[in-house]
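One letter stands for each residue in the lines below.
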Amino acid sequence: ESTVPNNQQALADQSEIQSAGAIPVVIAGLKGDQSYSPNPIRIESGQTITWYNGDSISHTVTSGQATDEDEGALFDSNAIIPNQSYSMTFDNSGEFKYYCIYHPSMVGDVIVE
């Protein structure tokens, strides 16, 4: 009988870990610095962000800016079609700017503490 509460607790702990695992960001469309919501997004080192495309056209999550020589070097989702997602884990602290290759006015910022 004493194992039932322990099993239930283990399941509860596991579901908390899973729900706390990925931080959601919605790709809202062509809205400048409001294209990715929330923006900026603050996370802790080791956390994962999952971007969901809530728009009706494809977008990307690409590190840097359109004018950078090393754009996409840190991360690049390639095309995220509507209702699809892309996840990235950030292990290093810092500020990471990103944008959509197709729509360079769509910009976002990840702040890893």
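About the criteria used
Along each chain, the written sequence defines residue order, and numbers are assigned to residues from 1. The model is predicted, so local features are restricted to residues of pLDDT at least 70 and side-chain atom pairs to those at 80 or more, both for listing and for counting; the totals for chains, interfaces and linings are taken over all residues. Side-chain figures throughout are based on the complete set of non-hydrogen atoms in the structure, without hydrogens or water. Per-residue confidence from the prediction method is given by pLDDT, with values spanning 0 to 100. The contact criterion used is simple: two residues touch if any of their non-hydrogen atoms lie within 4.5 Å. Runs of E in the DSSP output that reach at least two residues are strands. Runs of H or I that reach at least four are helices, and both are numbered from the N terminus. Two strands form a pair only when DSSP identifies at least two bridges running between them. Identification of polar contacts relies on pairs of N or O atoms within 3.5 Å, with a donor-acceptor requirement for protein atoms, meaning one able to donate a hydrogen and the other able to accept it, and with residues adjacent in sequence counted only if both atoms are side-chain atoms.

Draft legend 1. Structural view of the confidence of the model for the protein chain. Put simply, the protein chain has an average pLDDT of 87, and 82% of its residues get 70 or more. The model gives residues 1-19 a pLDDT under 50, and that stretch makes zero contacts with residues more than four places away or in other chains.

Draft legend 2. Expanded view of the environment of S85. When you line up the elements, S85 lands in strand β6 (residues 85-89). Considered as a pair, S85 and N53 are 32 residues apart in the sequence and their alpha carbons are 6.1 Å apart. Sequence-distant contacts of S85, that is, excluding residues within four places in its chain, are made with T50, W51, Y52 and I80.

Draft legend 3. Local environment of the sheet that holds strand β7 (residues 94-99). A sheet is described by the order of its strands in space; here four strands give the open sequence β3-β8-β7-β5, paired in mixed fashion. Since the sheet does not close on itself, it has two edges, and those belong to β3 (41-43) and β5 (62-63), each with one partner. With two bridges connecting them, β5 and β7 associate as antiparallel partners. Residue pairing in the sheet places T62 in a bridge with Y99 of β7.

Draft legend 4. Highlighting the environment of S77. Note that S77 resides in the loop between β5 and β6. Spatially, the C-alpha atoms of S77 and T60 are 5.6 Å apart, while their sequence positions differ by 17 residues. Beyond its immediate stretch of four places on either side in the chain, S77 contacts T60, V61 and Y86. At 2.7 Å, the side chain of S77 and the backbone nitrogen of V61 are in polar contact.

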